[in-house]
Amino acid sequence: MSKLDRRRKGVFGPPMGKKCLVFVDDLNMPQKEKYGAQPPIELLRQWVDHKHWYDKKDNSRLELADVNLVCAMGPPGGGRNPITNRFTRHFNLISIESFDDTTMTKIFSSMVDWHFGKGFDASFLRLGKMMVQATMAVYKAAVVTFLPTPSKSHYVFNLRDFSRVVSGVLLVPKTHMTEANKLVRLWVHEVYRIFYDRLISDEDREQFFAIVQETLSQQFKMTSDKLLGHLAEGGKAVVDDNIRSLFFGDYMIPGAEPKIYDEVQSFSDLTSVIENYLDDYNQMSKAPMKLVMFKFAIEHVSRISRVLKQDNGHCLLIGVGGSGRQSACKLATFMADYSLYQIEISKNYTTVEWRDDLKKLLIRAGAEGKRTTFLFSDNQIKDESFVEDLNMILNTGDVPNLYPPDEKAEIIEKMQVVARTQGRKIEATPLSMYNFFIERVKEHLHVVLAMSPIGDSFRNRLRMFPSLINCCTIDWFQAWPSDALEMVANKFLEDVDMSDQMRGQCVTLCQHFHQSVRTLSDRYYAILRRQNYVTPTSYLELILTFKMLLGRRRQAIHGMRQRYVVGLEKLEFAAGQVSVMQQELQELQPQLVQTSKETDELMVKIEKDTVEAEAKKQVVAADEAVANEAASKSQAIKDECEADLAEAIPALEAAINALNTLTSKDITLVKSMKNPPALVKLVMEAVCIMKAIKPERKPDPSGSGKMVEDFWGPSQKLLSDLKFLDSLKSYDKDNINPQIIKKIRDNYCSKEEFRPEVIKTASAACEGLCQWVRAMDVYDRVAKVVAPKKIKLAEAEAELAVQMKKLNEKRAELKEVLDKLQALNDQFQTMQTKKENLEANIDLCTKKLDRAEKLIGGLGGEKDRWSQAAKELGERYTNVIGDVLVSSGVVAYLGAFTVDFRTDCVREWHGLCTEKAIPCSPSFSVSATLGEPVKIRKWSIDGLPVDSFSVENGIIIFNSNRWPLMIDPQGQANKWVKNMERPNKLSVIKLSDPNYSRTLENSIQFGTPVLLENVGEELDPLLEPLLLKQTFKQSGVEYIRLGEAVIEYSQDFHLYITTRLRNPHYLPEVSVKVTLLNFMITPQGLQDQLLGIVAAKEKPELEEKKNELIVESAKNQKQLKEIEDKILEVLSSSEGNILEDETAIKVLSSSKKLAAEISAKQEIAAATEVEIDQTRNGYRPVATHASILFFCISDLANIEPMYQYSLVWFINLYIQSVANSTKSSDLQERIHHLNDHFTRSIYNNVCRSLFEKDKLLFSFILCIGILKGR
């Protein structure tokens, strides 16, 4: 309707002037309903008959104008239904026969001729025709030979398969196709990919190989040995398995543009290239894949890559869950540089979300033009309409009525932009643009379907949706061959510490385990009608579990053994030290007496010399006081002189600095003055006077007639002296003539204008000279004050020197005395230290003797036990490889089997270990290898049945990498998990709970355990990331995506899953994600429960005491284990001599004392328990008889599934019988009454629920069971 225009109210049709043809393909596919009608066809018939429909919203009439129908269908049969005559009477029926050979030859020869006519050698035209004939021969033989059956429902061939072979051959360009044989090899490769890859049995594959051989001989006139001889080793005849090594692909040169589809010459190069692709993928992906690229895996990756290379290439991968379908697709997509698209299923995922995801997918491929692989698996099919939509995408590239008008308009706008960008000349109508969109979807989108062949749903889907076969290249994932199993095991075990020979034997056993469990599963189904699947994931689980457990057990056993060995060494050392320390003690006593005597004599001498030294000290101290007084006087005078000089020195330094700033140029400037200013003359006069230069006498220039003294002439001469400035700097300032300095002071320094700052106005050079003259005046004045003081200072220093000479002589004498005294003190200290050391050694020796006696007395009794334990642990370390290998097989494969099957299989594996010379214990058990007695005792208190089968189940839970799913029809596992995890804040949820995902998220985040109970045969897809533990790290924190929520993942989190179903059928898609465990009750476990019940009713005080003793015994054993661990830890961690570590000895003594007390209690408890057990076991015949009856009524479910009886109901009847049966003081008589009453009660209650026809059979089963029990 979305493609029709609305002409007027209630009338729809194509644009005016046009006709609309509706093509309905596969007309007879709709299933018949209860009354034999086909609703879709009836709707079409209504329109053909009446030309209208009714709108479901308002029941208004919808008329369709200018619309006609064209239908197509296959002949009825094989899932296709006959069509009612009331519908076919409206049609002209045209039957189309299959094309004859001439027509098919014409069609495909035209394609081949056109291709090989573009630059290929002329011989290829002839080969092309031969290739078409050969393909036709293979196609016709396949159609006749490989007929569809219920188990081979995908053995359906049509012309599209013929076309795919031809298209594949045309993928190699002319540059790389130069020889005829290569074309024939390519043809063999393509027919294998199209026809061979879907075959499921070795017989079919051998048959197809024979067909290809015959076709090669008849059509190409060559033998397979000649054409493919290079694939066979050592010149042997080519067999089917050799053709596995024939590869063509476009992936050998990463990053090449364009990628050329060509033959792969070397398998080792191919392996290397694929491994590099895998490494790159793992570096870029948040969920890296731990894959081993063995030949089998590479084949599938290559096959998917080939399909992805082709336009409109889609793939149907058929294999059980865990066979590697999705991993191969992800890697092939990465190699092709395409983006991968997958939907995320949540609890509330409906058709609405599915359609939204499809919209995004088609827009990504069509509008955005991104090459995309859509990976979809059958466990994501929440509604069959999903497959219907996929069927449409495979066939047409579109889903009808997917987009509402507004979204469709957006797509058309985008496509107009794309068309303009690409320069495509397309009519700009909405229909043309939408068709362009569909064309690009077909070009860029590749659908890869991963489906499991198990069950009816696969067969039904292929029948209902033919495009799954017609439009897809089929790849059947068969069981891993031996070379794959061997290579995977070798790869994962290559870094395990063992000899190459031992590794080879372990690999052989791993292969045998995998193949033997496959056979065992068939026998399990044949006898008990219980399904168990063995997948490659189980094999990987075996290897990874073996690797993990071997490392863990080796480390644990070595650690335990080492502690015993070190403990024994410490005990032996302590015992050996006793005689040594006694001898040492005897030798040390005389030494101590002698050292004490020498020390006392030395002390007397030291006291005498100390008195003499003290007298000497007093004399020297008096002389020191006199000398110090003289030194202080001398220092006072010296300080006074320096204080006075402190006034003159800065002025002098300033004058020298001023002189340093003057240059010869400045001096020349002053000298060259013809008529110098008065201030310049004044300064030069002062300088001349200071230098004692006499003036010239000249007539007075004022005309008085007198002769006056003129210093300018001599000044100029003085200035002419090159060493003038140096003479000023080196002027003898300490011996200035008093007359000169007096004249300077009186005539110059006293004048106001004779100051540097005034002189500077007349001449910068004279400023420095003025500063120098004034500085000489200041220095002279100070020097005259200081001179007497300097004389005084010299006298004081001379006197001080005399005093110091005397003092030093006396000091030397004192030093000699003190050195002598110090030598004596040092000697005394040495003697004292020696004495103290001897005393300490004697004390330590005494203490060590005491500690050794305590250690030997306390732990000596453990020596034999520890020696035996160390010996046993040594043997266990030697045998750990075989024991852990078999245990890993039990953990990975045998959880779902019942006790008899598990026991038989373990016995066979253990015998094989011995036969292959793999070291293992003479009598193997999982609990001895992986169990911890204290933990197992705690489990039994929490409600785990005490039989070895149930204990093994508990061990498997805590040693598997996957979360456990427990088949628990009697609720034993449920009860045990609830009791065990109650202290850890266990959350109990069901899939039917509305908020179960919120509870799960909180528990994952806070690391608390969760029990998911009462699940069915399918699990919510929301749980998949949790079951697969798909965590990722972000900023150093571990996260997991659960639905749409990303939450922090705690390593303390534990998940337990239980089902009440008696015989659930878990498909591989579920079973590979969990560890399946059969928790059905065993005869021994039930007997123990029933014995407890009857004992509690008959002897309540004894049963109460028994239960108390069990708890107390478990507590005592736990404490004893902790104490022994503490003792061994102290012994192991003590460094050096244990006898010197007092704290360690105290800890050991107190621990051993406590252990002795607990052991005494334990002995009393054990003796009491034996007495109680003797009384309890008197009632064991009752428990045994009741147990037989329970398993008799359990077998009734094999007759009619309705005949199922709960353990709770059975136990209630049992309790009633104990209460209501005839009492007796005689035990044997009481047992007879109990058995008789309970048998009658069971018979009556069960018969009430049986069909009449089954009552006699029940009586017979009951009779046989009771007789066998006797």
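It should be noted that the structure appears before, not after, this text.
Each value, and the rule that gives it
- Residues numbered from 1 in each chain as written.
- Predicted model: local features only at pLDDT ≥ 70, side-chain atom pairs only at ≥ 80, totals over all residues.
- Heavy atoms only, no water.
- Pairing = 2+ DSSP bridges.
- Helix = DSSP H or I, 4+ residues; strand = E, 2+ residues; numbered from the N terminus.
- Axes fitted to C-alpha atoms, helices over the stretch in contact; angles between N-to-C directions.
- Contact = heavy atoms within 4.5 Å.
- Phe/Tyr/Trp six-rings, centres within 6.5 Å; stacked < 30°, edge-to-face > 60°.
- Lys NZ or Arg CZ within 6 Å of the ring centre and 35° of its normal.
- Buried < 20%, exposed > 50% of the residue type's maximum accessible area, 1.4 Å probe, protein only.
- Expected span 1.5 Å × (residues − 1).
- Core = buried A, V, L, I, M, F, W, Y, C linked by side-chain atoms within 4.5 Å.
- Left-handed = near helix turned anticlockwise from the far one by under 90°.
- Disulfide = S-S within 2.5 Å.
- Parallel < 35°, antiparallel > 145°, perpendicular 65-115°, else oblique.
- Nonpolar A, V, L, I, M, F, W, Y, C, P; charged D, E, K, R; others polar.
- Salt bridge = Lys/Arg side-chain N within 4 Å of Asp/Glu carboxyl O.
- Polar contact = N/O pair within 3.5 Å; in protein donor to acceptor, adjacent residues only side chain to side chain.

### Here's the deal with the sheet that holds strand E17 (residues 987-989)
Item 1. An order of E17-E18-E22-E16-E23 is seen for the 5 strands of this open sheet, with the pairing classed as parallel. The open sheet has two edge strands with one neighbour each: E17 and strand E23 (1074-1078). This sheet shows a mean twist of 20° between the axes of neighbouring strands, independent of strand direction.
Item 2. Examined bridge by bridge, E17 and strand E18 (residues 1010-1012) share 3 bridges and lie parallel to one another. When the sheet's bridge partners are listed, Ile989 is paired in E18 with Leu1012.
Item 3. Those strands touched by helix H33 (residues 972-981) are strand E16 (963-967), E17, E18 and strand E22 (1055-1059), and its axis lies near 155° from that of E22.
Item 4. Contacts between helix H34 (residues 996-1006) and the sheet are confined to E17, E18 and E22, with E17 contributing the most and set at about 150° to the helix.

### Topic: the packing of aromatic side chains
Item 1. What the rule picks out here adds up to 48 aromatic pairs.
Item 2. Put simply, the rings of Phe146, Tyr155, Phe157, Tyr192, Phe195, Tyr196 and Phe208 touch in pairs and so form one group of aromatic residues.
Item 3. If you follow Lys51 out to its NZ or CZ, it ends over the ring of Trp47, 5.3 Å from the centre.

### Comments concerning the pairing of strand E13 (residues 473-476)
Item 1. The alternating pattern of E13 places Thr473 and Asp475 and Ile474 and Trp476 on opposite faces, both of which are buried.
Item 2. Bridge count between strand E9 (residues 315-318) and E13: 4 bridges; the pairing is parallel. Across the sheet, residue Cys315 finds its bridge partner in E13, namely Thr473.

### Concerning helix H37 (residues 1083-1098)
For an α-helix, 3.6 residues make a turn, and residues three or four places apart therefore share a direction.
Item 1. For H37, built from 16 residues, the straight-helix expectation of 22 Å at 1.5 Å per residue is met to within 8% by its first-to-last C-alpha distance of 22 Å.
Item 2. For H37, every residue scored as buried is listed here: Gly1085, Leu1086, Gln1087, Leu1090, Leu1091, Gly1092, Ile1093, Val1094 and Ala1095.

### As for the nonpolar core
Proteins that are soluble and globular tend to have nonpolar side chains buried together.
Item 1. Ranked by size, the top nonpolar core spans 100 residues in total, and within it Leu331, Tyr539, Phe546, Ile881, Tyr893 and Leu894 carry the most contacts.
Item 2. No other element matches the 12 residues that helix H28 (residues 862-893) contributes to this core.
Item 3. Sequence-distant contacts of Ile881, defined by excluding residues within four places in its chain, comprise Met498, Met502, Cys506, Phe546, Leu550, Arg554, Ile918 and Pro919.
Item 4. Among the nonpolar cores identified, the runner-up in size contains 52 residues, and Phe108, Phe120, Leu228 and Ala232 belong to it.

### Thoughts on the packing of helix H5 (residues 159-169) against helix H6 (residues 180-194)
Item 1. At a closest axis distance of 9 Å, the pairing of H5 and H6 adopts a crossing angle of 145°. The element H5 and its partner H6 pack so that their crossing is right-handed. Within the contact between the two elements, H5 uses Asp161, Arg164, Val165, Gly168 and Val169 and H6 uses Leu183, Leu186, Trp187, Glu190, Val191 and Ile194.

### Examining the state of the cysteines
Two cysteines, two sulfur atoms, one covalent bond between them: this is a disulfide.
Item 1. Under the defined criterion, the tally for this structure stands at 0 disulfides.
Item 2. The cysteine Cys329 is free of any disulfide, with Cys315 supplying the nearest cysteine sulfur at 7.8 Å.
Item 3. Exposure remark for Cys329: the relative accessible area of 0% places this residue in the buried category.

### As for the packing of helix H41 (residues 1207-1220) against helix H42 (residues 1227-1247)
Item 1. In the contact formed by H41 and H42, the axes pass within 9 Å of each other and the chain directions differ by 135°. Classified by the angle between their axes, H41 and H42 sit oblique to one another. In the packing of H41 onto H42, the handedness of the crossing is right-handed. Each of Trp1209, Phe1210, Leu1213, Tyr1214, Ser1217, Val1218 and Asn1220 in H41 lies in contact with H42, whose residues at this interface are Arg1230, Leu1234, His1237, Phe1238, Ser1241, Ile1242, Asn1245 and Val1246.
Item 2. When grouped by side-chain class, the residues that make up the contact of H41 with H42 number 9 nonpolar, 5 polar and 1 charged.

### Regarding the side chain of His189
Item 1. The topology assignment puts His189 in helix H6.
Item 2. The class for His189 is buried, based on a relative accessible area of 2%.

### Digging into unusual backbone geometry
Item 1. Across the junction of Glu257 and Pro258, the peptide omega takes the value 0°, indicating a cis bond.
Item 2. Tracing the chain through its elements places Pro258 in the loop between strand E7 (248-249) and strand E8 (262-263).
Item 3. One non-glycine residue, Lys51, lies in the positive phi region at around 65°.
Item 4. Positioned with a positive phi, Asn312 is a non-glycine residue whose angle comes to about 60°.

### A closer look at the sheet that holds E9
Strands in a sheet are paired, the pairing made by backbone hydrogen bonds, and the direction either parallel or antiparallel.
Item 1. Spatially, E10-E11-E12-E9-E13 is the arrangement adopted by the 5 strands of the open sheet, whose pairing is parallel. Looking at the sheet topology across the chains shown, the edges are occupied by strand E10 (339-341) and E13. Going across the sheet, the axis of each strand differs from the next one's by a mean of 20°, ignoring polarity.
Item 2. Pairing of E10 with strand E11 (residues 372-377), which is carried by 3 bridges, proceeds in the parallel orientation. Note that in E11 the partner of Tyr341 across the bridge is Phe374.
Item 3. In this fold helix H15 (residues 430-444) packs onto E11 and strand E12 (445-451), with an angle of close to 55° to the strand it touches most, E12.

### Some details on the pattern of salt bridges
Working definition: two side chains of opposite charge can pair if their charged atoms are close together.
Item 1. Under the counting rule described, the total for this entry stands at 46 salt bridges.
Item 2. The partner of Arg306 in a salt bridge is Glu190, with the nearest N and O atoms 2.6 Å apart. Residue Arg306 is found in helix H10 (residues 295-309), and its partner Glu190 is found in helix H6; the two are separated by 116 residues along the sequence. Summarising the burial analysis for this pair, Arg306 and Glu190 share the class buried.
Item 3. The shortest N-O distance in the salt bridge between Asp495 and Lys547 comes to 3.1 Å. Placement of the pair is Asp495 in the loop between helix H18 (482-493) and helix H19 (500-528) and Lys547 in helix H20 (residues 536-661), with a sequence separation of 52 residues.
Item 4. Judged by relative accessible area, which is 54%, Asp495 ranks as exposed.
Item 5. The class of Lys547 is partly exposed, set by a relative accessible area of 29%.

### As for the environment of His314
Item 1. If you trace the backbone, His314 turns up in the loop between H10 and E9.
Item 2. What makes His314 buried here is its relative accessible area of 4%.
Item 3. When the C-alpha atoms of His314 and Cys472 are compared, they prove to be 4.8 Å apart, with 158 residues separating the residues in sequence.
Item 4. Ignoring any residue separated from it by four or fewer positions in sequence, one finds His314 in contact with Val307, Leu394, Leu445, His446, Val447, Cys471, Cys472 and Thr473.
Item 5. Among the polar contacts made by the side chain of His314, one reaches the side chain of Asn312 at a distance of 3.0 Å.

### Observations regarding the pairing of strand E19 (residues 1031-1034)
Item 1. Summarising the sheet, E19 and strand E20 (residues 1037-1042) pair through 4 bridges and their orientation is antiparallel. Within the sheet, the bridge partner assigned to Lys1033 lies in E20 and is Glu1038.
Item 2. From the end of E19 to the start of E20, which pair antiparallel, there are 2 residues, and Ser1035 there has a positive phi angle of about 55°.

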